Every structure is written in C-alpha cells, then in structure tokens.
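One letter stands for each residue in the lines below.
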Amino acid sequence: MNLTDSLDIIRYSDGETEEVSDLMVNEASLSIHVNGEIVKELLCSPAELEELALGYLVTQGYISDKADVLDFEVDDKAFVANITLKDEISDGKFGLNLEQNESIVFKKGTLLHNLVQFYGESTLQKATAGVHRCALCDDSGIIYSSDDISRHCAFDKIIGHAVTEGITLSDKYVITSGRVPLDMIKKVNVCGIPMIVSRTAPTISAANFARDRDITLLGFARENRFNIYSGFSRII
C-alpha cells in the first residue's frame, strides 16, 4: 500500500466548481501480537511498520530495549506484527518508568534551528495536510523524523528507530506537530526523554504531569518563539 494516492474530487472555490485530482493519505490497521496475544490494533500510515511496532512496545512499557525481544516479524502486506518477548506479560505492561536526568540541558539556538528544519522538511504534510510529524533531536540536530496519520504513531516510529539503532533517549528531545495531551506526555516519561516540543498546545493535565516528573514541555513552538510550561532550567 502506498503512503498516498490520488482521488478525483469536485472542488468549490469562489462560486465555481471544477474536477480535480486530490492527493490524499492512506491508512492501515496494524495488528500487534505479543506472545501470541493481540495487544493493540493501530490505525497508522502504511510505512515504517517495524519501527512503529517496536516503538509501541517501548512507549507502552512492554520492553526497555530490543534485547527484551526474542523474535520479531512484521508482515507489511497483512499488516500484522508478531513479537515474542523474553518475559510473560503481566497486566499488559512491565511498568517501565525511567527517571529524568536533571543535568541535561539544550541550547535555545539549536532548538530554533531544528524547528525551522522540522517544518521546512514537512513535505508530506504540506502536500496532503493529512499527517502528523515527529522528530528525535539533540544539540547536534535532527536525528530521525517520521510522518503518520496519528501523532502517537509518529512518536512511536522515532522511538522504534532509536531502539533499533541503540540510541540513548535520556539526552534527546522530541519535536511534534501535534498537541500534547496527558497520554502523549506519559509516553515521553516512559521513554525517559527529558523534553518535548510541540507546534500546538499541551493540556493542563499534561503540563502538570510534566512539572511533577521534571519533563521540559514547550508549546506553540514556531519560528522564533515558544512557550515553556515546565522545566525552564533545561533551556540555555
């Protein structure tokens, strides 16, 4: 399945109608099986499915790294991920909760540069207006970026990339095009990521959770501005 396909539609503008071909995003349903049990059906974009499945296991607390996985297979035609873990599933999660590193700081100038690059490279979003985007970053620049119809799946994909490559998350941050509700900031906490930066707004619950866990939370990050909702000391 392609990421996008064209559909013939009728467009109305300024009192006139015309037939046009509109570029639209596809979606798939990825079934994640862990130790023989279906644990989740993810509505997602049909790309980077291995990274998505692996990242989902991390952000939901099933694993802390790839060493916890005995067998891993993704059928990208049937959209099924079959994963065998070393340990039995207990209550659906292992309850992973990494402590944040208070000594980690990030440069404001590099952050602003990464934001410009992040939005400048959002070609799929500009072409379709149908996806979210996430990027894993540090003061050296953008490390990985992924697009998906779901902001949660886009997040999981970059985590899957990092886990596959053995990249430490405790000194990185995430830029997301989507808003940051409580369930998103909890993903950040589970992964031990010290900062998340959003183009849009967090919720109060997310901001309070971030303050309690010493996670730096930035919102309305666009060009030369952003709001800091928690963890101000991490921006230098």
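Everything below is about the structure shown above.
One numbering rule holds for all chains: residues counted from 1, following each sequence as written. This being a predicted model, a pLDDT of at least 70 is required before a residue's local features are given, and a value of 80 or more before pairs of side-chain atoms are given or counted; all residues contribute to the totals for chains, interfaces and linings. Water and hydrogen atoms were dropped before computing side-chain values, which therefore reflect all heavy atoms in the structure.

> Looking at this model, I keep getting lost on the pattern of salt bridges. Mind explaining?
Pairs can form between side chains of opposite charge whenever their charged atoms are close. The rule for a salt bridge is simple: a side-chain nitrogen of Lys or Arg has to be within 4 Å of a carboxyl oxygen of Asp or Glu. Counted by the stated rule, this structure contains seven salt bridges. Arg133 is the salt-bridge partner of Asp147, the closest N and O atoms lying 3.2 Å from each other. Of this pair, Asp147 sits in strand β8 (residues 141-148) while Arg133 sits in strand β7 (residues 132-138); the two residues are 14 residues apart in sequence, bridging distant segments of the chain. Of the two residues examined, Asp147 and Arg133, each falls in the buried class. Notably, a salt bridge pairs Lys157 with Asp148, separated by 2.7 Å at the nearest N-O pair. Residue classification places Lys157 among the buried residues on the basis of a relative accessible area of 0%. If you follow the salt bridges from partner to partner, you end up with Glu121, Arg133 and Asp147 in one network. Only runs of H or I of at least four residues qualify as helices and only runs of E of at least two qualify as strands under DSSP, and these elements are numbered from the N terminus. A 1.4 Å probe rolled over the protein chains alone gives each residue an accessible area, and that area as a share of the maximum for its type sets the label: buried under 20%, exposed over 50%, partly exposed in between.

> In this structure, what is going on with the sheet that holds strand β6 (residues 80-85)? I would like to understand it.
Strand pairing in a sheet relies on backbone hydrogen bonds. The paired strands run either parallel or antiparallel. For two strands to count as paired, DSSP must find a minimum of two bridges between them. Spatially, the four strands line up as an open sheet ordered β4-β3-β6-β5, and their pairing is mixed. The open sheet terminates on both sides in strands that have one partner only, identified here as β4 (37-44) and β5 (69-75). Across the sheet, the axes of successive neighbouring strands diverge by a mean angle of 15°, strand direction being ignored. Pairing of strand β3 (residues 28-34) with β6, which is carried by four bridges, proceeds in the parallel orientation. Within the sheet, the bridge partner assigned to Ile32 lies in β6 and is Ala81. Here an axis means a line fitted to C-alpha atoms, over the contact stretch when the element is a helix, while the angle between two N-to-C directions is reported on a 0 to 180 degree scale.

> Quick question: what am I supposed to make of the sheet that holds β8 here?
An order of β8-β7-β9-β10-β11-β12 is seen for the six strands of this open sheet, with the pairing classed as mixed. Of all the strands in the sheet, the pair left with one neighbour each is β8 and β12 (225-230). If you compare each strand with its neighbour and ignore which way they point, the axes differ by 20° on average. The contact definition used throughout considers only heavy atoms, calling two residues in contact when any of these lie within 4.5 Å. The strands that helix α4 (residues 151-165) touches are β7, β8 and β9 (173-176); relative to β8, the one it contacts most, it runs at about 135°. On the sheet, helix α6 (residues 204-213) packs against β11 (216-222) and β12 and is oriented at approximately 65° with respect to β12.

> Can you walk me through the environment of Val190 in this structure?
Its location among the elements puts Val190 in helix α5 (residues 182-191). The class for Val190 is buried, based on a relative accessible area of 13%. Between the C-alpha atoms of Val190 and Val58, which are 132 residues apart in sequence, the distance is 7.8 Å.

> Can you help me understand a negative patch on the surface in this one?
Residues Glu50, Asp71, Glu73, Asp75 and Asp76 make up a contiguous surface patch of negative charge. Counting residues per element, the negative patch draws most heavily on β5, at three residues. Turning to its location among the elements, Glu73 is positioned in strand β5. Patch members must show over 30% relative accessible area and no salt bridge, and they are joined within 9 Å when carrying like charges or within 5 Å when they are nonpolar side chains of Val, Leu, Ile, Met, Phe, Trp or Tyr. Using the Shrake-Rupley algorithm and a 1.4 Å probe, accessible areas are obtained, with residue cover drawn only from the displayed protein chains. Positive charges come from Lys and Arg, negative ones from Asp and Glu, while His and the chain ends are left out of the count. Charged side chains are reduced to one point each, which is NZ for Lys, CZ for Arg, CG for Asp and CD for Glu.

> Please clarify how α4 should be interpreted in this entry.
Along an α-helix, a turn takes 3.6 residues, which lines up residues three or four apart on a common side. The span you would expect from a helix comes to 1.5 Å times its residue count less one. A rise of 1.5 Å per residue sets the reference length of α4, with its 15 residues, at 21 Å; its end C-alpha atoms lie 22 Å apart and thus fit the reference within 8%. The buried count for α4 comes to 13 of 15 residues, which makes it a mostly enclosed element. Two or three places before His152, at the start of α4, stands the capping residue Ser150, its side-chain oxygen 3.2 Å from that residue's backbone nitrogen. Immediately downstream of α4, the backbone of Gly166 shows phi near 70°, a positive value. By the criterion applied in these results, polar contacts are pairs of N or O atoms within 3.5 Å in which, for protein atoms, one can donate a hydrogen and the other can accept it, and in which residues neighboring in sequence qualify only through two side-chain atoms.

> I would appreciate a short explanation of the packing of α4 against α5 in the present structure.
Between two packed helices, what matters for the description is the angle formed by their axes and the separation of those axes. The contact between α4 and α5 brings their axes to 11 Å, and the two run at 10°. The orientation of α4 relative to α5 falls into the category roughly parallel. Between α4 and α5, the contacting residues are Arg151, His152, Phe155, Asp156 and Ile159 on the first element and Asp183, Met184, Lys187, Val188 and Cys191 on the second. Within the contact of α4 with α5, the residues separate by chemical class into five nonpolar, one polar and four charged. Angles are sorted into four bins: roughly parallel if under 35 degrees, roughly antiparallel if over 145, roughly perpendicular if 65 to 115, and oblique for all others. Polarity classes work like this: nonpolar for Ala, Val, Leu, Ile, Met, Phe, Trp, Tyr, Cys and Pro, charged for Asp, Glu, Lys and Arg, and polar for all others, with Gly in that last group.

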